[in-house]
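Coordinate inspection notes
Below are the chains, spelled out letter by letter.
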Amino acid sequence: MQTSAPVIPPRRSLAFFASLAMLMVVVSYLFILSLAIACVYLPWLVVTNVANFQTLALFVAGVIVAGSMLWSMVPRRDKFAAPGLPLECTSHPRLFAELDRIASSLQEPLPLEVYLIGEPNAWVADRGGLMGFGSRRVMGLGLPLLGALNISQFRAILAHEFAHYYGGDTKLGPLLHKTQMAMIRTFENMGSVGKAMRVALMQVLYVVVFGIFKWYWLLFLRAINFVSRRQEFRADELACIVAGPQPLVSGLRIVHGAALAWPAYWNTEVGPMLNSGFLPSIAGGFAQFLVAPTIAKQVEERVETEMREGKTEPYDSHPPLRDRVAAAEALPNQSQPDDPQSAWSLLEDGGATEMAFLQALNPDLPKNALKHVSWEEQGSAVLIPSWTGFVSEYAPLLQGITAWNLPESAGKVPEIASQIRDPKGMLLTREQRIERARSLLSTAFGLALVNNGWKVHSSPGEFHLDRGDEQINPHRLMLEISDGVISREAWEMKCKALGIEGIPLVVAAESASAAKQETLPFG
């Protein structure tokens, strides 16, 4: 929905904080220079008064330390590498219309480069050039956020990022970044030369100089992160004016939750699909993952914990979520038209975009290496073939095991684990081998249920086998049996109720092995 651009009040100056940041940049270079001079001059005074091997070693150590510090101060050119898939206006007109609307609200030019990145985050920066000179505006938009946020929330997050342009934060960024990198290089170089300090006085000089520099480094971090937190509050304020407080508040909560959930989603849901040669909707699947009951509850609990217990630490670059939400809710409610559509709809042809995104991150990925599938096809396309291969490999270990005696078999997991082979290029620990043995039993049980008419229900964040109104998660079930949550008597009653007590796991294994053999070429 296109709306008129909101009126932004006169630019509120953050000159004090900008001046503090610039002061820290200037003072940092003067401090390092002064410390380097002192490392040479003071030992030289000692040598001129007491000339011996120890004082000469002290002077040499001072020269070496000073040289490493001065070399660390030399500015390096910012070599910017594309962090993801470049997005073009001609390919994604709706997205860039949204960007243009927000940029116009703040009277800021659009970034020259916009990238789709694989992080649950969005950012803006001035990159390239030397110490900020010759830099260009770039923006990163997280694919996870496009899947997790609706357009109103995404608009608020975009407005927050453009507010950093508006406030001049990105102009200070390169200077602060270069200064910080110079100090980090100083630490690294001093650490290298410190290994060569063999003489007692050399070691004394090194420890003293390193201690002084560490003290200043902590002071520098406290100062620039204090400035950064003020910039974040101001950016939130402008985002509320452009997009409204409520979309920003809900968007911030979702961003925090997405950051918690994304690694698990990628590793447990997307990774296995990609490794099997299939590409589902990554953004769409993440939206499903976040609303899956179990995942949604865990994420909400973590976010609420952050809201209750989060507090400002001196070295935090962002204020805690609780403070940002409170500050946004305290602002006048300048409501904006709500757009509940997924932010992913701002991109044209999401499937092709995700494929191009993966190829941008993996240039060696063959063009037709991945086949588009829906998440609903995950069971037949990925899970069943994977179960079949795993179970058929260990069919002899499943002799005599039925659904009825699973509790007894769970007690033999260590014995089964001793016969589990190491995957190629990997040595399993004892715990990993036991986990793999337990997984073998649950997988074979699941495959046996499938062979007896049970259906696989698998979507991001949810998995179970069902038959009518009955549901079983074989992996969770095996864990509960092993841990004694489900007693032997309770399991036997359940088996009788479901009519599965006589299902043998070895039949599933042998069927899987036969199916595997049938697919092998002759010869």
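Residues numbered from 1 in each chain as written. Predicted model: local features only at pLDDT ≥ 70, side-chain atom pairs only at ≥ 80, totals over all residues. Heavy atoms only, no water.

1. What about the pattern of salt bridges?
Scanning the model with the defined rule gives 13 salt bridges in all. The closest approach of N and O atoms between Glu-304 and Arg-253, which form a salt bridge, is 2.5 Å. Note that Glu-304 is positioned in helix 10 (residues 293–309) and Arg-253 in helix 8 (residues 245–275), a separation of 51 residues in sequence. One salt bridge connects Glu-408 with Lys-412, and the closest N-O pair in it is separated by 3.8 Å. Under the relative-accessibility criterion, Glu-408 is labelled partly exposed at 39%. Assessed through its relative accessible area of 41%, Lys-412 is described here as partly exposed. Through salt bridges that share partners, Arg-253, Glu-300 and Glu-304 make up one connected network. (Salt bridge = Lys/Arg side-chain N within 4 Å of Asp/Glu carboxyl O. Helix = DSSP H or I, 4+ residues; strand = E, 2+ residues; numbered from the N terminus. Buried < 20%, exposed > 50% of the residue type's maximum accessible area, 1.4 Å probe, protein only.)

2. Some thoughts on the environment of Leu-347
Looking at the secondary structure, you find Leu-347 in the loop between helix 11 (321–329) and helix 12 (350–361). For Leu-347, a relative accessible area of 6% puts it in the buried group. Spatially, the C-alpha atoms of Leu-347 and His-92 are 5.4 Å apart, while their sequence positions differ by 255 residues. Once you skip the residues sitting within four places of it in the chain, Leu-347 turns out to touch Leu-87, His-92, Leu-95, Leu-146 and Thr-353. (Contact = heavy atoms within 4.5 Å.)

3. Describing the pairing of strand 7 (residues 455–459)
Two strands pair when backbone bridges link them, and strand 7 and strand 8 (residues 462–467) are joined in this way by five bridges, in the antiparallel orientation. Looking at the pairing, Ser-458 lines up with Phe-463 of strand 8. Between strand 7 and strand 8, which pair antiparallel and follow one another directly, the connecting turn spans two residues, one of which, Gly-461, has a positive phi of 90 degrees. (Pairing = 2+ DSSP bridges.)

4. Examining the side chain of His-92
Along the chain, His-92 falls in the loop between strand 1 (85–87) and helix 3 (93–105). Discounting residues that sit within four places of it in the chain, His-92 has contacts with Leu-87, Leu-346, Leu-347, Glu-348 and Thr-353.

5. Details of helix 11
Those residues of helix 11 that fall on the buried side of the exposure criterion are Leu-321, Arg-324, Val-325 and Ala-328. An end-on view of helix 11 places all buried positions within 95 degrees of arc, on one side of the element. Against helix 5 (151–166), helix 7 (200–243), helix 8 and helix 10 lie the buried residues of helix 11. (Arc of directions from axis to C-beta.)

6. With respect to the environment of Ser-34
By the element assignment, Ser-34 lies in helix 1 (residues 15–49). What makes Ser-34 partly exposed here is its relative accessible area of 46%. As a C-alpha pair, Ser-34 and Ala-66 span 32 residues in sequence and 9.6 Å in three-dimensional space.

7. Comments concerning the pairing of strand 2 (residues 113–117)
Strand 2 sits mainly inside the fold: five of its five residues count as buried. Every second residue of strand 2 is oriented toward a common face, with Glu-113, Tyr-115 and Ile-117 on one face and Val-114 and Leu-116 on the other, all of them buried. Sheet topology note: the strand 1/strand 2 ladder contains three bridges and is antiparallel. Directly across from Pro-86, in strand 2, lies its bridge partner Tyr-115.

8. Overview of the packing of aromatic side chains
Enumeration according to the criterion identifies 17 aromatic pairs in this entry. Summarising the aromatic geometry, the rings of Trp-217 and Phe-220 are spaced 6.2 Å apart at their centres and angled 20 degrees between planes, so their arrangement reads as stacked. Here the residue Trp-217 and the residue Phe-220 both occupy positions in helix 7, the gap between them amounting to three residues, near one helical turn. Residues Tyr-265 and Trp-375 carry aromatic rings whose centres are separated by 6.2 Å and whose planes lie at 50 degrees to one another, so their mutual orientation is tilted. Of the two residues, Tyr-265 is situated in helix 8 and Trp-375 in the loop between strand 6 (371–372) and helix 13 (378–393); the sequence distance between them amounts to 110 residues. For the pair shown, Tyr-265 and Trp-375 are each scored as buried. Chaining the aromatic ring pairs together yields one cluster made of Phe-187, Tyr-206, Phe-210, Phe-213, Trp-217 and Phe-220. The ring of Tyr-165 has Arg-137 sitting right over it, with the charged end atom 4.1 Å from the ring centre. (Phe/Tyr/Trp six-rings, centres within 6.5 Å; stacked < 30°, edge-to-face > 60°. Lys NZ or Arg CZ within 6 Å of the ring centre and 35° of its normal.)

9. Side note on the nonpolar core
Residues Leu-95, Phe-154 and Phe-286 are the most contacted members of the largest nonpolar core, which totals 74 residues. Per-element tally for this core: the top contributor is helix 8, with eleven residues. For Leu-95, the contacting residues outside a window of four places in its chain are Leu-87, Leu-141, Phe-154, Leu-346 and Leu-347. By size, the runner-up hydrophobic cluster in this structure holds 40 residues, among which are Ala-437, Leu-440, Ile-486 and Ile-503. (Core = buried A, V, L, I, M, F, W, Y, C linked by side-chain atoms within 4.5 Å.)

10. What to know about the sheet that holds strand 9 (residues 470–472)
The strand order across the open sheet formed by three strands is 7-8-9, and the pairing between neighbours is antiparallel. Looking at strand neighbours, the two that pair on one side only are strand 7 and strand 9, the edges of this open sheet. Between one strand and the next, the sheet's axes are offset by a mean angle of 30 degrees, whatever the strand orientation. Here three bridges tie strand 8 to strand 9, and the two strands are oriented antiparallel to one another. Counted as the bridge partner of Arg-467 is Glu-470 from strand 9. (Axes fitted to C-alpha atoms, helices over the stretch in contact; angles between N-to-C directions.)

11. What about the sheet that holds strand 4 (residues 136–142)?
Spatial ordering of the open sheet is given by 1-2-4-3, a layout of four strands whose pairing is mixed. If you trace the sheet from one side to the other, it starts and ends with strand 1 and strand 3 (122–127), each paired once. Across the sheet, the mean angle separating the axes of adjacent strands is 30 degrees when strand polarity is ignored. Here strand 3 runs beside strand 4; their pairing, made up of six bridges, is antiparallel. Considered in strand 4, the bridge of Asp-126 is made with Arg-137. Against the sheet, helix 6 (residues 169–194) touches strand 3 and strand 4, its axis set at about 65 degrees to strand 3. Contacts from helix 12 reach strand 1 and strand 2 within the one sheet, and its direction differs from that of strand 1 by about 135 degrees.

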